[in-house]
Amino acid sequence: MTNHIVIKKKITPFKKKIGVSGDKSISIRSVLLASQAIGKSKLYNLLESEDVFNALKTIKSLGIKYKKFNSHYEITGYGLNGYKLKKNLVIDAGNSGTLARLILGLLININKCVKIVGDKSLSKRDFSRVTEPLSLFGANINSSNRKLPVKITGSEFLRPINYFEKLGSAQCKSAVMLAALKTHGLTKIKAKKSRDHTEMFFKHLNIPIKISKNKKFDFIEIKGISNFKSFDYIVPGDISSCAFFIVLTLLSKKSYLVIKNVNINKTRTGIITILNKMNANINFKNKKNYKGELIADIHVKSKSKLLGIKCPEKLNSSAIDEFLIIFIAAAKAKGISHFKNLSELNKKESPRLDIAIKILNKLGIKVKRNNYDIKIYGNPDLKLEGKYVIKNFMKDHRVLMMSCIASLTLGGEWKIYDTDSAKTSFPNFFKILKQLGAKIN
Ligand code: S3P
């Protein structure tokens with residue numbers, strides 16, 4: 001553990017315009033879909049992070065060529081039957097749950113055994129949530145103890161399924177949607193609300209998909225086998241990366257930040273709804289529709305009086321990757337903030353709920369926990385003066401970034417380890433922090 005940083009000073013007021021890198025969910029989906037399209041796809045502003053590099057390595061191991069140009073990546077696909085792979089292929093998904101789960105969907109028709117492995121953190125995560133529905137298509141899937149490694153042998157004789165996605169997991173929904181693409185007949189999915197980038201892509205690629213919605217669920221029907229043509233795509237900015245800078249701005253004095261070209265798909269903007277309910281004043285300007293995704297510039301300014309929130313449970317899914325940083329805002333808000341049923345938060349790159357509570361306790365912030373519900377007792381006068389060491393967080397990129405923002409806004413002297421983990425989702429994180437004036441040693 002040699003890679004650590006030291007932060008001893010709060011950030012000074014800033015007024016800046018920035019851009020963040022491409023959305024991770026959309027980048028991974030665009031790589032996987034391009035690998036199954038017919039022809040050459042061009043992907044612009046693709047996120048160049050470890051998770052996405054692992055997606056590129058994965059399609060390469062499946063016989064798909066890609067080239068990097070100055071402005072874009074070009075991927076040549078040969079349709080849904082276009083993967084060519086060696087015997088006993090092992091795919092290493094690294095830290096990426098999205099990649100590991102979605103690729104299983106695309107391997108559903110491959111009549112060879114492929115083993116999926118991942119890093120220490122990914123190897124602790126549950127895979128039964130995808131292996132169970134995917135087995136119903138007729139693939140042979142084995143996992144040890146519901147976890148990685150997972151071995152899949154697909155089949156040429158698949159049957160469509162009816163699937164009820166109860167967790168609100170876009171990864172599960174998308175894995176089944178990708179398998180449906182490769183299966184003759186009509187697959188029907190009833191899904192608890194979750195991010196809908198795969199649906200947007202399917203529509204844009206003219207894949208036969210029908211979607212209807214009620215308040216709680218989305219009903220999706222996909223007709224396979226549905227080959228589709230290659231495409232050009234400009235990946236919009238990642239709101240999950242913006243989240244750290246939004247809270248940095250809110251909790252800093254006399255600051256103003258504009259973040260250009262961010263994906264504000266409403267299945268992702270839970271953080272904005274939550275922070276605005278906490279009395280922040282975050283605005284979207286220059287809204288436009290891009291191939292079904294909504295994009296805008298985000299404007300945010302400092303807010304000295306944030307208020308506690310009773311966070312509506314229905315926002316959990318659309319803020320799922322942002323709760324860590326929302327907790328820091330809640331720690332500095334007036335009053336008690338309540339968050340309910342955050343069990344899925346403990347199923348991420350690290351048990352984020354447990355880790356967040358430990359960090360908040362370390363900072364002297366009172367937290368009450370009841371199963372997966374928590375109350376954070378905010379303190380608007382919170383000023384830290386102690387020394388804080390952040391390590392052993394399973395290299396969770398979002399724990400790292402949350403800790404950096406806490407140190408730059410709350411004070412104290414911080415030593416934060418495993419800084420390399422930013423590369424998982426946001427390699428430019430430190431560069432942008434420095435552009436905003438952060439002093440990091
Ligand atoms: C993702 C879905 C979410 C999210 C993850 C990315 C995706 O996970 O936490 O970072 O790209 O589909 P779940 O689907 O497990 O909720």
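Residues numbered from 1 in each chain as written. Predicted model: local features only at pLDDT ≥ 70, side-chain atom pairs only at ≥ 80, totals over all residues.

A look at the overall build of the protein chain
Then, number 1: If you tally the helices and strands in the protein chain, you get 12 helices and 22 strands.
Then, number 2: Relative to the compact-globule value of 22 Å for 441 residues, the protein chain shows a C-alpha radius of gyration of 21 Å, a close match.
Then, number 3: Projecting the C-alpha coordinates of the protein chain onto the three principal axes gives extents of approximately 65 × 45 × 45 Å.
Then, number 4: For the protein chain, the residues scored as buried account for 52% of the 441 residues in total.
Then, number 5: Long-range contacts, defined here as pairs at least 24 residues apart, represent 77% of the contacts in the protein chain between residues at least 6 apart. (Helix = DSSP H or I, 4+ residues; strand = E, 2+ residues; numbered from the N terminus. Rg over C-alpha atoms; globule rule 2.2 N^0.38 Å. Buried ≥ 20, exposed ≤ 12 C-beta atoms within 10 Å, placed from the backbone. Contact = placed C-beta atoms within 7 Å.)

Considering the domain arrangement of the protein chain
Then, number 1: Domain parsing of the protein chain yields domain 1 (4-22 + 236-435) and domain 2 (24-234).
Then, number 2: On a C-alpha basis, the centres of domain 1 and domain 2 stand 29 Å from each other.
Then, number 3: Contacts between domain 1 and domain 2 engage 23 residues on the former and 23 residues on the latter. (Domains from an automatic or database assignment.)

Let's talk about the sheet that holds strand S11 (residues 185-192)
Then, number 1: Read from one edge of the open sheet, 4 strands run S10-S11-S13-S12, paired in mixed fashion. Each end of this open sheet is capped by a strand with a single partner; those strands are strand S10 (162-165) and strand S12 (209-213). Each strand of the sheet is rotated relative to its neighbour by a mean of 15°, with strand direction disregarded.
Then, number 2: As paired elements, S10 and S11 share 4 bridges and run parallel to each other. Opposite Glu-165, over in S11, you have Ala-191 as the bridge partner. (Pairing = 2+ DSSP bridges. Axes fitted to C-alpha atoms, helices over the stretch in contact; angles between N-to-C directions.)

Some remarks on the site of the ligand
Then, number 1: The environment of the ligand is made up of Ser-25, Thr-98, Ser-169, Ala-170, Gln-171, Ser-174, Ser-194, Arg-195, Ile-320, Asp-321, Glu-344 and Lys-348.
Then, number 2: Mapped onto the domain boundaries, the shell around the ligand takes at least three residues apiece from domain 1 (4-22 + 236-435) and domain 2 (24-234). (Near = placed C-beta within 6 Å.)

A closer look at the sheet that holds strand S9 (residues 147-153)
Then, number 1: Read across the open sheet, the 4 strands follow the order S6-S7-S9-S8; overall the sheet is mixed. Both edges of this open sheet fall to strand S6 (89-92) and strand S8 (140-144), since each of them pairs with a single strand only. The average angle at which neighbouring strand axes cross in this sheet is 20°, direction not considered.
Then, number 2: Where strand S7 (residues 113-117) meets S9, 4 bridges bridge the pair, whose relative direction is antiparallel. The residue bridging Val-114 from the neighbouring strand is Ile-152, located in S9.

Quick look at helix H8 (residues 270-277)
Then, number 1: Three or more residues of H8 are buried, namely Gly-270, Ile-271, Ile-272, Ile-274 and Leu-275.
Then, number 2: Residues of H8 that are buried in the fold lie against helix H7 (239-251) and helix H9 (323-331).
Then, number 3: Of the residues flanking the end of H8, it is Asn-279, one or two places downstream, whose phi is positive at about 90°.

Details of the environment of Pro-208
Then, number 1: Summarising the element assignment, Pro-208 is placed in the loop between helix H6 (197-204) and S12.
Then, number 2: Along the chain, Pro-208 and Gly-224 lie 16 residues apart, while their C-alpha atoms are 7.7 Å from each other.
Then, number 3: Those residues in contact with Pro-208 that sit more than four places away from it in its chain are Ile-222, Lys-223 and Ser-226.

Some thoughts on the packing of helix H4 (residues 128-136) against helix H5 (residues 170-181)
Then, number 1: At their nearest, the axes of H4 and H5 sit 9 Å apart, and the two run at 25° to each other. In terms of their interaxial angle, H4 and H5 are classed as roughly parallel. Where H4 crosses over H5, the handedness of that crossing is right-handed. Two secondary-structure elements touch here, H4 through Arg-129, Val-130, Pro-133 and Leu-134 and H5 through Cys-172, Ala-175, Val-176 and Ala-179.
Then, number 2: Of the residues in the contact of H4 with H5, the class split is 7 nonpolar, no polar and 1 charged. (Parallel < 35°, antiparallel > 145°, perpendicular 65-115°, else oblique. Left-handed = near helix turned anticlockwise from the far one by under 90°. Nonpolar A, V, L, I, M, F, W, Y, C, P; charged D, E, K, R; others polar.)

Some thoughts on the pairing of S10
Then, number 1: In S10, alternate side chains face the same way, and those of Tyr-163 and Glu-165 are buried while those of Asn-162 and Phe-164 on the opposite face are not.
Then, number 2: This β-α-β element, S10 to H5 to S11, shows right-handed connectivity. (Right-handed = clockwise from strand over helix to strand, strands pointing away.)

What to know about the nonpolar core
Then, number 1: Among the nonpolar cores identified, the biggest contains 74 residues, and Ile-246, Val-247, Leu-275, Phe-327, Ala-329 and Ile-405 are the most heavily contacted of them.
Then, number 2: Ranked by the residues each element gives to this core, the list is headed by H7, at 10 residues.
Then, number 3: Ignoring sequence-local partners within four residues, the contact set of Phe-327 consists of Ala-356, Leu-360 and Ile-376.
Then, number 4: Judged by nonpolar contacts, the second largest core, of 67 residues, contains Ala-34, Tyr-83, Ala-100 and Phe-228. (Core = buried A, V, L, I, M, F, W, Y, C linked by C-beta atoms within 7 Å.)

Describing the confidence of the model for the protein chain
Then, number 1: Across the protein chain, the average pLDDT comes to 97, with 100% of residues at or above 70.
Then, number 2: Between the elements of the protein chain, mean pLDDT differs from a low of 94, seen in S8, to a high of 99, seen in helix H1 (residues 24-34). (pLDDT = per-residue confidence, 0-100.)

What to know about unusual backbone geometry
Then, number 1: Pro-149 follows Leu-148 through a cis peptide bond whose omega is -5°.
Then, number 2: The residue Pro-149 is located in strand S9 in this model.
Then, number 3: With an omega of 5°, the peptide bond between Gly-224 and Ile-225 qualifies as cis.
Then, number 4: The residue Ile-225 is located in the loop between strand S13 (217-224) and strand S14 (232-234) in this model.
Then, number 5: Positive phi, close to 55°, is recorded for Asn-88, a residue that is not glycine.
Then, number 6: With respect to the helices and strands, Asn-88 occurs in the loop between strand S5 (72-78) and S6.
Then, number 7: For Asn-371, which is not glycine, the phi dihedral falls at a positive 55°.

Digging into the packing of H9 against helix H11 (residues 397-410)
Then, number 1: Running from N to C, H9 and H11 cross one another at 20°; their axes reach a closest spacing of 9 Å. Our classification of the angle between H9 and H11 gives roughly parallel. Two packed elements cross with a definite hand, and for H9 against H11 that hand is right-handed. Along its contact with H9, which presents Leu-324, Ile-325 and Ile-328, the element H11 presents Arg-398, Val-399, Met-402, Ile-405 and Ala-406.
Then, number 2: Of the residues in the contact of H9 with H11, the class split is 7 nonpolar, no polar and 1 charged.

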